[in-house]
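Chain by chain, the residues run as shown.
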Amino acid sequence: MTTNALITGWGMYVPSRVMTNDDLAKIVDTSDEWIVSRTGIHERRIAADDETTTTLSVNASRDALAVAGVEPGEVDLIVLGTCSPDYPLPATSTTVARDLGATNAAAFDLQAACSGFVYAMATANAFVRSGMYRNVLVIGVEVLSRFMNWKDRNTCVLFGDGAGAVLVQASDRPGGMSGFHLFADGTGFEGIIVPAGGSACPATPQTVADGLHTVHMAGRDVYKYATRQLAESALAAVRDAGLTMDDIDQFVFHQANLRIIENVAKQLDMPMEKTYINIEKYGNTSAASVPMALVEAVAAGRIKPGDQVLMVAFGAGFTAAAAVVEWTADPARAFLAPGSQTRLGRPQRQLEEAAV
Ligand SMILES: CC(C)(COP(=O)(O)OP(=O)(O)OC[C@H]1O[C@@H](n2cnc3c(N)ncnc32)[C@H](O)[C@@H]1OP(=O)(O)O)[C@@H](O)C(=O)NCCC(=O)NCCS
């Protein structure tokens, strides 16, 4: 009997603090008009002082497990995609396991920058199909606000904080993950880079004074790379799934830049109404962007059982990744209101009111 890897639970969490383009215009030389016209971003979320990559992950994961009806102790493996971990050492997935109570889970982090969640999905698929694990929790999460140079208008206007999580379960039911394309080209490693704090350039008072522990980016090079590679990876994954682009019901792209998505949609002849967009609310949340868009697309009724969903991402490295998933779960399992996160099906707002 074939073992398939199905998505049975999903959840997301974003911090409540909103930073608008006008807020940014007070700290760097920029404007709402420039940011919206170049990127499509209107606002982004910024983690509170007491929030970390672990706490965001735990909030999203609790929802994913609740939707799937799986207890933390039943999770076999946690694969966490991030490039903004709590610490260089140990892996954030281990503190997530601790705080979730996932006491029987193996856990590791996966670093493929903004492609991290889709790489992690391919990893979960391989573990499940090999028969090694049955319940794999996959998380895409970032607190990139802690890695920004808030004086650099080239980068600080683009990124935001958030988390998305899915539970991937072994099943003999048909559907689930069916096609992948994973890509890396290290010749582009300087395109998006945190230059200091690693073995190539250890942290010193001077590197800190020079802001070398923050994200640096060559925006135009990244734009050119993304518009070329995204279409290639998308097509390769669809081919791998034995499908054509016409078979795809919903496109869930990494939300880095609305112009990049529109450019790639044109290359692929992909109708924008089949393309879920939420960049205006969250900016680029890197590894969290694909799972957050997936969760919201399900909540908005854009993804239904039987739909073929194509997830595509690109990021630092340069990396890229695409995955095709046949959606099998009943969206009503999570009573998500479009655009709002949940706690066990209740909109966050109600919970905050209940807590007062
Ligand atoms: C960053 C990006 C939006 C810039 O847009 P662009 O149209 O390429 O803009 P340019 O690079 O041509 O810059 C135009 C000017 O705007 C300026 N500029 C940059 N950021 C600015 C900001 N926030 N506000 C106002 N002006 C800004 C630049 O300094 C430049 O000025 P100059 O011509 O005097 O040097 C675009 O290159 C991009 O999206 N790249 C991909 C980035 C990305 O997706 N990264 C994440 C990958 S996972």
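Residues numbered from 1 in each chain as written. Predicted model: local features only at pLDDT ≥ 70, side-chain atom pairs only at ≥ 80, totals over all residues.

1. Things to note about the overall build of the protein chain
Assigned secondary structure in the protein chain consists of 12 helices and 15 strands. Taking 21 Å as the expected radius of gyration for a compact globule of 356 residues, we find that the protein chain reaches 19 Å, a close match to that expectation. In terms of overall dimensions, the protein chain has a C-alpha envelope of 60 × 45 × 45 Å along the principal axes. The burial tally for the protein chain puts 51% of its 356 residues in the buried class. For the protein chain, the share of sequence-separated contacts (at least 6 apart) that also reach a separation of at least 24 residues comes to 78%. (Helix = DSSP H or I, 4+ residues; strand = E, 2+ residues; numbered from the N terminus. Rg over C-alpha atoms; globule rule 2.2 N^0.38 Å. Buried ≥ 20, exposed ≤ 12 C-beta atoms within 10 Å, placed from the backbone. Contact = placed C-beta atoms within 7 Å.)

2. Some remarks on the site of the ligand
For the ligand, the set of nearby residues contains 21 residues, the closest of which are Thr30, Arg153, Gly219, Tyr223 and Ala256. Listing elements by their share of the shell around the ligand, those giving two or more residues are α2 (32-39), α6 (153-156) and α8 (219-240). It is α8 that contributes the most residues to the shell around the ligand, 5 residues altogether. A per-class count over the shell around the ligand returns 11 nonpolar, 7 polar and 3 charged. (Near = placed C-beta within 6 Å. Nonpolar A, V, L, I, M, F, W, Y, C, P; charged D, E, K, R; others polar.)

3. Topic: the sheet that holds strand β13 (residues 319-326)
Read from one edge of the open sheet, 4 strands run β8-β13-β12-β11, paired in mixed fashion. The sheet is open, and its two edges are formed by β8 (176-184) and β11 (250-253), each paired on a single side. Going across the sheet, the axis of each strand differs from the next one's by a mean of 10 degrees, ignoring polarity. Relative to β13, strand β12 (residues 308-315) runs antiparallel, the two being bridged by 8 bridges. Looking at the pairing, Ala313 lines up with Ala321 of β13. The sheet strands contacting helix α5 (residues 116-129) are β8, β12 and β13, and the helix crosses β13 at an angle near 55 degrees. (Pairing = 2+ DSSP bridges. Axes fitted to C-alpha atoms, helices over the stretch in contact; angles between N-to-C directions.)

4. Quick word on the confidence of the model for the protein chain
Of the residues in the protein chain, 94% have a pLDDT of 70 or more, and the chain-wide mean is 93. Every residue in residues 343-351 scores below 50 in pLDDT, and together they form 15 contacts with partners more than four places removed in sequence or on other chains. (pLDDT = per-residue confidence, 0-100.)

5. Points about the packing of α8 against helix α9 (residues 258-267)
It is the contact of α8 with α9, at a shortest axis distance of 9 Å, that shows an interaxial angle of 35 degrees. With respect to the hand of their crossing, α8 and α9 are arranged in right-handed fashion. Within the contact between the two elements, α8 uses Tyr223, Ala226, Thr227, Leu230 and Ala231 and α9 uses Ile260, Asn263, Val264 and Gln267. Partitioning the contact of α8 with α9 into residue classes produces 6 nonpolar, 3 polar and no charged. (Left-handed = near helix turned anticlockwise from the far one by under 90°.)

6. Focus on unusual backbone geometry
Residues apart from glycine generally show negative phi values, whereas peptide bonds are mostly found in trans. Residue Leu89 is joined to Pro90 through a cis peptide bond whose omega torsion reads 5 degrees. With respect to the helices and strands, Pro90 occurs in the loop between β4 (77-81) and α4 (92-100). Following Gly317, the chain continues to Phe318 via a peptide bond in cis, the omega torsion being -5 degrees. With respect to the element layout, Phe318 can be found in the loop between β12 and β13.

7. Focus on the environment of Asn284
Note on placement: Asn284 falls in the loop between α10 (279-282) and α11 (289-299). Separated by 187 residues in the primary sequence, Asn284 and Ala97 place their C-alpha atoms 26 Å from one another. If we skip the residues at most four places from it in the chain, Asn284 touches Leu158, Phe159, Gly160, Gln255, Ala256 and Ser289.

8. Some thoughts on the sheet that holds strand β6 (residues 135-142)
Taken in spatial order, the 5 strands make up an open sheet running β1-β7-β6-β4-β5, and their pairing is mixed. At either margin of the open sheet sits one strand with a lone partner, and together these are β1 (4-13) and β5 (106-110). The sheet shows a mean angle of 20 degrees between the axes of neighbouring strands, direction not considered. In terms of strand pairing, β6 meets strand β7 (residues 162-171) through 8 bridges, oriented antiparallel. Its bridge partner lying in β7, Asn135 is registered against Gln169.

9. Re the pairing of β13
Judged by how many residues are buried, β13 sits mostly within the fold: 8 of 8 residues are covered. What you see with β13 is no split at all: Thr319, Ala321, Ala323 and Val325 on one side and Ala320, Ala322, Val324 and Glu326 on the other are buried throughout. Where β8 and β13 come together, 8 bridges link them in antiparallel fashion. Following the sheet pairing, Ala184 is matched in β13 by Thr319.

10. Here we look at helix α3 (residues 53-68)
Over its 16 residues, α3 runs 23 Å from end to end, which matches the ideal 22 Å to within 8%, given 1.5 Å per residue. Phi turns positive, to about 70 degrees, at Gly69, one or two residues after α3. (Expected span 1.5 Å × (residues − 1).)

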